[in-house]
Amino acid sequence: MKVLDLRCSHGHGFEGWFASNEAFETQLAAGLVECPVCADTRIVKLLSAPRLNLGNAKAPAEAAAASAAPSSAPAKAQAPAEQSPEARWMRAVREVLAKTEDVGERFADEARRMHYGEAEERGIRGQATREQAEALLEEGIPVMALPIPAALKETLQ
Ligand SMILES: [Zn+2]
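Rules behind the numbers
- Residues numbered from 1 in each chain as written.
- Predicted model: local features only at pLDDT ≥ 70, side-chain atom pairs only at ≥ 80, totals over all residues.
- Heavy atoms only, no water.
- Helix = DSSP H or I, 4+ residues; strand = E, 2+ residues; numbered from the N terminus.
- Buried < 20%, exposed > 50% of the residue type's maximum accessible area, 1.4 Å probe, protein only.
- Contact = heavy atoms within 4.5 Å.
- Donors = N, O, S within 2.8 Å, 3.2 Å for Na, K, Ca; no water.
- Tetrahedral: all angles 85-135°; square planar, octahedral: opposite > 155°, others 65-115°.
- Pairing = 2+ DSSP bridges.
- Axes fitted to C-alpha atoms, helices over the stretch in contact; angles between N-to-C directions.
- Core = buried A, V, L, I, M, F, W, Y, C linked by side-chain atoms within 4.5 Å.
- Parallel < 35°, antiparallel > 145°, perpendicular 65-115°, else oblique.
- Salt bridge = Lys/Arg side-chain N within 4 Å of Asp/Glu carboxyl O.

Going by an unreviewed UniProt entry, the chain carries the name DUF1178 family protein and comes from Variovorax paradoxus.

Attention now goes to the overall build of the chain. If you tally the helices and strands in the chain, you get five helices and seven strands. Counting helices and strands in the order they occur from the N terminus, the chain gives β-β-α-β-β-α-β-α-β-α-β-α. Relative to its 157 residues, the chain shows a buried fraction of 39%. Once local pairs closer than 6 in sequence are excluded, the contacts in the chain between residues at least 24 apart make up 59%.

With that settled, consider the coordination of the zinc ion. The protein atoms donating to the zinc ion are Cys 8 (SG), His 12 (ND1), Cys 35 (SG) and Cys 38 (SG), with metal-donor distances spanning 1.9 to 2.3 Å. Angles of 104 to 113 degrees at the metal separate the four donor atoms of the zinc ion, which places the site in the tetrahedral class. Mapped onto the sequence, the residues coordinating the zinc ion show the spacing C-x3-H-x22-C-x2-C. Of the two residues, His 12 is situated in the loop between β1 (2-8) and β2 (13-18) and Cys 38 in the loop between α1 (21-29) and β3 (43-45); the sequence distance between them amounts to 26 residues. Overall, His 12 belongs to the buried group, its relative accessible area being 16%.

Glancing now at the sheet that holds β2. Across a sheet, strands are paired by hydrogen bonds formed along the backbone, either parallel or antiparallel in direction. Across the sheet, three strands lie side by side as β2-β1-β3; this open sheet has antiparallel pairing. Among the strands making up the open sheet, the edge pair consists of β2 and β3. The sheet shows a mean angle of 40 degrees between the axes of neighbouring strands, direction not considered. As paired elements, β1 and β2 share six bridges and run antiparallel to each other. Bridge pairing in β2 places Asp 5 opposite Glu 15.

This brings us to the nonpolar core. Core analysis: the largest hydrophobic core is formed by 16 residues, its most contacted members being Trp 17, Phe 107, Ala 111, Ile 124, Leu 136 and Val 143. Here the element with the most residues in this core is helix α3 (residues 107-115); it accounts for four residues. Formed by 13 residues, the second largest nonpolar core is a distinct cluster that contains Leu 4, Leu 6, Val 33 and Met 144.

To continue, consider the packing of α3 against helix α4 (residues 130-138). Relative orientation of the contacting elements α3 and α4 amounts to 10 degrees, with a least axis distance of 10 Å. Classified by the angle their axes make, α3 and α4 are roughly parallel. Contacts from Phe 107, Ala 108, Ala 111 and Arg 112 of α3 reach α4 at Gln 132, Ala 135 and Leu 136.

Turning our attention to the pattern of salt bridges. When the charged atoms of two side chains lie near each other, side chains of opposite charge can form a pair. Using the criterion set out here, one finds seven salt bridges in the structure. Linked through salt bridges whose partners overlap, the residues forming this network are Glu 101, Arg 106, Glu 110, Arg 113 and Arg 122.

Take the environment of Glu 120 next. Mapped onto the secondary structure, Glu 120 falls in the loop between α3 and β6 (124-127). For Glu 120 and Glu 110, which are ten residues apart along the polypeptide, the C-alpha to C-alpha distance reads 9.6 Å.

Structure representation (structure tokens):
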């Protein structure tokens, strides 16, 4: 699996998880890669910094929050320009949280059921391990890491 550093045309940086570089290129060409902050699909891949070290398993057991959105996800409203990037990011995350159903630990199962037409297609979020995310990506199911600001996380629990 590839964890790519991406940036939209508005300069928002974010991480995307893809089965391979080819999977990234395919999804990008299909307009499926979008900025989590502004939903821009003009995404460029940054040169990956050598900071990624999957061997370092002591990084918080990857209770990564992930979100899968159907390609028909509604466009997000523009945030007022005077907001700081942090405020805009918090707002965007809140918006994603408001528009997605929290399926918690069932994230991987639910994403798979939606993909195979066994469940209604909708935006969901939940917890997935890096291994689960990798398996989903290998099956061609788009998932995305959504780093949730600690401040928001606390109010959510
Ligand atoms: Zn953006």
